[in-house]
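Summary of structural features
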Amino acid sequence: MATELELRLEGEDANEDSLEDLIDWLERANIDGLEGIKRKELPPTKGDMGFFTDPNTIMTMISTGIAVVQVMAAILQWQKNKKVTVTPKITDSDKEMVELNSQIQVILDKMKFHK
């Protein structure tokens, strides 16, 4: 059972290049329990021909609480020389995981990754 963790970049260095760099960084970290990383898709608006990606947000699929901690540690290392804030948010609300996810979200709120 996986939990979806949304990571949103904000700040002076929050751009598509930084987002791609963070994706690459997390993929190279070989975190056990990190099942996937993708750009957040935005729904089409009137007149659009399809989906667009959010230039500041990625979605990660994580299967263990330990993986959440490892993702947080990897983000802290990645941020060292960047003027960017990473806001993590649990977005998946599987019925069996609701309470655990809300507890994890409280921790993530307290540990908001910023420089």
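Residues numbered from 1 in each chain as written. Predicted model: local features only at pLDDT ≥ 70, side-chain atom pairs only at ≥ 80, totals over all residues. Heavy atoms only, no water.

Brief notes about the nonpolar core
Residues Leu-7, Leu-9, Leu-26, Ile-58 and Val-71 are the most contacted members of the largest nonpolar core, which totals 25 residues. Only strand E1 (3-10), helix H1 (16-28), strand E2 (34-42), strand E3 (52-62), helix H2 (65-78), strand E4 (85-90) and helix H3 (98-110) provide two or more residues apiece to this core. The leading source of residues in this core is H2, at 7 residues. The residues contacting Leu-26, other than those within four sequence positions of it, are Leu-7, Ile-31, Leu-34, Ile-37, Ile-58, Thr-60, Val-71, Ala-74 and Ile-75. (Core = buried A, V, L, I, M, F, W, Y, C linked by side-chain atoms within 4.5 Å. Buried < 20%, exposed > 50% of the residue type's maximum accessible area, 1.4 Å probe, protein only. Helix = DSSP H or I, 4+ residues; strand = E, 2+ residues; numbered from the N terminus. Contact = heavy atoms within 4.5 Å.)

Observations regarding unusual backbone geometry
We note that Asn-30 has phi near 50°; this positive angle belongs to a residue other than glycine. Looking at the element boundaries, Asn-30 is found in the loop between H1 and E2.

Here we look at H2
Between its first and last C-alpha, H2 extends 20 Å over 14 residues, near the 20 Å set by a 1.5 Å rise per residue. Taken together, the buried positions of H2 are occupied by Ala-67, Val-68, Val-71, Met-72, Ala-74, Ile-75 and Trp-78. Along H2, the residues classed as buried sweep out an arc of 165° about the axis, all on the same side. (Expected span 1.5 Å × (residues − 1). Arc of directions from axis to C-beta.)

A look at the pairing of E1
One ladder, built from 6 bridges, connects E1 with E3; its direction is antiparallel. Bridge pairing links Glu-6 to Met-59 in E3. Taken together, the 6 bridges between E1 and E4 define a ladder with antiparallel strand orientation. Within the sheet, the bridge partner assigned to Arg-8 lies in E4 and is Thr-87. (Pairing = 2+ DSSP bridges.)

Points about the packing of H1 against H2
Where H1 contacts H2, the two axes come as close as 10 Å, and the packing angle between them is 130°. Classified by the interaxial angle, the pair formed by H1 and H2 is oblique. Relative to H2, H1 is oriented so that their crossing is right-handed. On the side of H1, the interface is formed by Ser-18, Asp-21, Leu-22, Trp-25 and Leu-26, while H2 contributes Val-71, Ala-74, Ile-75, Gln-77 and Trp-78. Taken together, the residues of the contact of H1 with H2 sort by class into 7 nonpolar, 2 polar and 1 charged. (Axes fitted to C-alpha atoms, helices over the stretch in contact; angles between N-to-C directions. Parallel < 35°, antiparallel > 145°, perpendicular 65-115°, else oblique. Left-handed = near helix turned anticlockwise from the far one by under 90°. Nonpolar A, V, L, I, M, F, W, Y, C, P; charged D, E, K, R; others polar.)

Quick look at the sheet that holds E1
Overall, antiparallel pairing links the 4 strands, which are arranged E2-E3-E1-E4 in an open sheet. Strands at the two margins of the open sheet, each flanked by one partner only, are E2 and E4. The average undirected angle you get between the axes of adjacent strands in this sheet is 30°. Strands in contact with H1 are E1, E2 and E3; relative to E3, the strand with the most contacts, it is inclined by about 15°.

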